Amino acid sequence: MVVGFWSSFVVTLVLVGATVWTGFTARRRAHLGLALAAVAMLTVTILLTERLVRAIDFPEAEMAIHLIFAKTGALLVLPVAVTGILTWRRPTWKKVHLTCVALFLLDVLIATGTGIWVFSLSTPRGA
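Report follows, based on the coordinates. Bear in mind the structure is a predicted one, so any value in this text is a computation, not a measurement.

### Notes on the packing of aromatic side chains
And step 1. A complete count under the given rule lists five aromatic pairs for this structure.
And step 2. Taking 5.0 Å as the distance between ring centres and 70° as the angle between the ring planes, the aromatic pair formed by Phe-5 and Trp-6 counts as edge-to-face.
And step 3. The exposure class assigned to Phe-5 is buried, which follows from its relative accessible area of 10%.
And step 4. Arranged with centres 6.1 Å apart and planes meeting at 20°, the rings of Phe-5 and Phe-9 form a pair that is stacked.

### Describing the packing of helix 3 (residues 60-89) against helix 4 (residues 94-120)
And step 1. With their axes 8 Å apart at the nearest point, helix 3 and helix 4 run at an angle of 160° to one another. The pairing of helix 3 with helix 4 is recorded here as roughly antiparallel in orientation. The handedness of the crossing between helix 3 and helix 4 is left-handed.
And step 2. Residues that form the contact of helix 3 with helix 4 fall into these classes: 17 nonpolar, nine polar and three charged.

Criteria and thresholds
Residues numbered from 1 in each chain as written. Predicted model: local features only at pLDDT ≥ 70, side-chain atom pairs only at ≥ 80, totals over all residues. Heavy atoms only, no water. Phe/Tyr/Trp six-rings, centres within 6.5 Å; stacked < 30°, edge-to-face > 60°. Buried < 20%, exposed > 50% of the residue type's maximum accessible area, 1.4 Å probe, protein only. Axes fitted to C-alpha atoms, helices over the stretch in contact; angles between N-to-C directions. Helix = DSSP H or I, 4+ residues; strand = E, 2+ residues; numbered from the N terminus. Parallel < 35°, antiparallel > 145°, perpendicular 65-115°, else oblique. Left-handed = near helix turned anticlockwise from the far one by under 90°. Nonpolar A, V, L, I, M, F, W, Y, C, P; charged D, E, K, R; others polar.

Any link to function would need more than the numbers given here.
Right, dumping it as structure tokens:
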């Protein structure tokens, strides 16, 4: 279960990185496909996280901090997607899209850091 979670997490980060790269290199079709794949993997990772939470005890206060950033990151997918669609149709939206992407990536970086921190403080259930 732990290996499955970390594997999906790494794949999600790789897909996000590839999405950013194809966005900056103006490879629109690849960018769109990778963005959809990244969101799908993010969903898988969230589902695996729910299973992980049932098997491992995480410290409540620290987890609460992490969840602020994790949930914000999931919500920030929406303005990234909407501004991405708007940019596809009207390139004048590009700066707004880049701002949304930058905020999303900053949040993902913080969520990753706090997630690793909380995981390092965790104990198996019953231990």
